[in-house]
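Architecture and fold: a report
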Amino acid sequence: MKPHARLTITKSLLSVGLVATLALSTGCAKSEDDPADSKDSASGATQDSGQKIAENTTGEKCGIDAYGGKKLDLKGATVGFSQSEKEANPFRIAETASIKAEAGKRSVKLLTANAQSQFSKQISDVQDLIAKGADLLVIAPLNSDGWGPVLQQASAKKIPIVTIDRKINAEPCKDYISFIGSDFTEQGKRAADRMIEATGGKGEIAILLGAPGNNVTTERTKGFKDRVAEKAPDLKVVFEQTGEFAREKGQSVTEQLIQSKPGITGIYAENDEMGLGAVNALKGAGKKAGTVKIVTIDGTRNAVQGIVDGWIHSVVESNPRFGPLAFQTLDSFTKGEEVGENIVIQDSEYTQGNAKGDLGKAY
């Protein structure tokens, strides 16, 4: 055989083997909105064990008898996953990767869609997932309101719904079976504690609000303000503006802040991306690291590195690795077991004392 022929055959066999390996390892059906980035699955697979249920989780339970529908074997079932935002934010990257990795482990056929931060598209996305035969749905909602059309359609077919990371304003065990996510009010309180610690409880602070229209922004703001009012009345919130959970918007809003309030003491950013945007704005204005105290929520690797570098004071974690817990909830429910209607996860914290050592835990 000629050397050229042997090389061609070898390349072909390697290609076939690679395709087969990928097919066996994923076990997921792609949709046209499914990003073809293999690093997402890898990161989700290695970090999924991090999410745990908080010890203080309480609330009602939901079972098939109350919700309706019938038992089924999750293995081999079709699950539709609706992501709210494009995988540019590290939180969304890790969240989607975790869902995909767990679906692959459980041999679940996964249909995915991404709303690209357009709520009307998310509604049509979920309706399309139902039309394609989804037996169950996992939804990361963009907004909390406006889900009526989807809920009616899912209810008619008795399709169980689990929402992750954000709540929808609907009736549990009628419109959906479980919400899985953080205690966002508590996150706001913990962020306030860190801000009070950083500022000594005195000065003027700003809030970079998350996107409007969802419970995360509302509850993180309330928790923060309530705790500041309770513990540090001399710490005044003098500026509030939405940064829409985006780094670029967080930077532009902070640039405005620096102009209008040059003596600002601290910035509370309701997610890491806005906090990192604030860091960029402060650097651009010639500020020194640590001059303005920044507290954020999420736990991304870049934000935790910001603590190490001195630009960010602390980060309250919001764990995005929902895959194992979401699928375990669906598995239990479809077997006929009752599941919690409100499943609160346990979040850690990154500070100047542990940021360097715990950097590898960040996403």
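Residues numbered from 1 in each chain as written. Predicted model: local features only at pLDDT ≥ 70, side-chain atom pairs only at ≥ 80, totals over all residues. Heavy atoms only, no water.

Notes on unusual backbone geometry
The line we're drawing: Only DSSP runs of H or I covering at least 4 residues are called helices, and only runs of E covering at least 2 are called strands; the numbering of each starts at the N terminus.
Despite not being glycine, Cys 173 shows a phi value in the positive range, around 65°. With respect to the helices and strands, the residue Cys 173 is situated in the loop between strand E5 (161–164) and strand E6 (178–181).

A few points about the packing of helix H9 (residues 247–260) against helix H10 (residues 272–284)
Selection criterion: Interaxial angle, 0 to 180 degrees, is taken between N-to-C directions of lines fitted to C-alpha atoms, where a helix line uses only the stretch in contact. Geometric relationships in this document are graded by angle, where less than 35 degrees denotes roughly parallel, more than 145 denotes roughly antiparallel, 65 to 115 denotes roughly perpendicular, and other angles denote oblique. Helix crossings are classified by the rotation of the near helix relative to the far one: an anticlockwise turn of less than a right angle makes the crossing left-handed, while a clockwise turn makes it right-handed. In what follows, residue pairs with any heavy atoms lying within 4.5 Å of each other are defined as contacts.
Between H9 and H10, whose axes approach to 7 Å, the crossing angle comes to 45°. Considered as vectors, H9 and H10 are oriented oblique to each other. By crossing handedness, the relation of H9 to H10 is classed as right-handed. Contacts from Arg 247, Gly 250, Gln 251, Thr 254, Glu 255 and Ile 258 of H9 reach H10 at Glu 273, Met 274, Leu 276, Gly 277, Ala 278, Asn 280, Ala 281 and Leu 282.

Re the sheet that holds strand E7 (residues 203–209)
This is how it is decided: Two strands make a pair as long as DSSP finds a minimum of two bridges between them.
Pairing is mixed in the open sheet, where six strands are placed in the order E8-E7-E9-E10-E11-E14. A single partner strand is all that each edge strand has here, and the edge strands are strand E8 (235–242) and strand E14 (349–350). Pairing between E7 and E8: seven bridges, direction parallel. Bridging across to E8, Leu 208 finds its partner in Gln 241. Against the sheet, helix H8 (residues 215–231) contacts E7, E8, strand E9 (266–269) and strand E10 (293–298), and its axis sits at roughly 170° relative to E7. This element, helix H11 (residues 301–308), spans E10, strand E11 (314–317) and E14 of the sheet and lies at about 150° to E11.

Quick notes on the environment of Gln 83
Definition in use: Between N or O atoms, a polar contact is any pair within 3.5 Å; within protein, one atom must be a potential hydrogen donor and the other a potential acceptor, and residues adjacent in sequence are included only when both atoms are from side chains.
Topologically, Gln 83 is positioned in strand E2 (residues 78–83). Residues Gln 83 and Asp 125, spaced 42 residues apart in sequence, show a C-alpha to C-alpha distance of 9.3 Å. In this view, Gln 83 contacts Arg 92, Glu 95, Thr 96, Ala 113, Asn 114, Ala 115, Gln 122 and Ala 140; residues no more than four positions away in its chain are not counted. Of the polar contacts made by the side chain of Gln 83, one reaches the side chain of Ser 84; its length is 3.4 Å.

Considering the sheet that holds E6
One open sheet accounts for six strands, arranged E3-E2-E4-E5-E6-E13; its pairing is parallel. Here the strands that pair on one side only, and so sit at the sheet edges, are strand E3 (109–114) and strand E13 (342–344). The mean angle between the axes of side-by-side strands here comes to 20°, regardless of whether they run parallel or antiparallel. Sheet topology places E6 next to E13; three bridges connect them, and they run parallel. Within E13, the position partnered with Ile 180 by the bridge is Ile 343. Taken strand by strand, helix H4 (residues 90–105) contacts E2, E3, strand E4 (136–139) and E5, and its axis lies near 175° from that of E2.

Focus on the nonpolar core
Put simply, the test is: We call a set of buried Ala, Val, Leu, Ile, Met, Phe, Trp, Tyr and Cys residues a nonpolar core when their side-chain atoms join them within 4.5 Å. Burial classes: relative accessible area under 20% of the type maximum marks a residue as buried, over 50% as exposed, and values in between as partly exposed (1.4 Å probe, protein chains only).
Core analysis: the biggest nonpolar cluster contains 81 residues, and Val 79, Leu 137, Trp 147, Ile 164 and Ile 180 have the highest contact counts within it. Residue contributions to this core peak at six residues, all from H10. Look past the residues within four positions of Ile 164 in its chain and what remains in contact with it is Phe 81, Glu 95, Ile 99, Val 138, Ile 139, Ala 140, Pro 141, Phe 179, Ile 180, Phe 322 and Ala 326. Counting residues in each nonpolar core, the second largest holds 15 residues, with Ile 196, Val 228, Tyr 268 and Val 316 among its members.

Considering the side chain of Ser 98
Here Ser 98 lies in helix H4. Of the residues examined, Ser 98 reaches a relative accessible area of 0% and is grouped as buried. A polar contact is formed between the side chain of Ser 98 and the backbone nitrogen of Phe 322, at a distance of 3.4 Å.

What to know about the packing of aromatic side chains
Convention followed: Ring geometry is summarised as follows: Phe, Tyr and Trp rings, the Trp one being its six-membered ring, pair when their centres sit within 6.5 Å, and such pairs are stacked at plane angles under 30 degrees, edge-to-face over 60 and tilted between the two.
Across all of its chains, the model carries five aromatic pairs by this definition. Here Phe 119 and Trp 147 contribute two aromatic rings whose centre-to-centre distance is 5.4 Å and whose plane-to-plane angle is 80°, an arrangement assigned as edge-to-face. Note that Phe 119 is positioned in helix H5 (residues 119–131) and Trp 147 in the loop between E4 and helix H6 (148–156), a separation of 28 residues in sequence. Ring geometry for Phe 224 against Tyr 268: centres 4.0 Å apart, planes inclined by 10°, an arrangement best described as stacked. Linking Phe 224 in helix H8 with Tyr 268 in strand E9, this pair joins segments that are 44 residues apart in sequence. Summarising the burial analysis for this pair, Phe 224 and Tyr 268 share the class buried.

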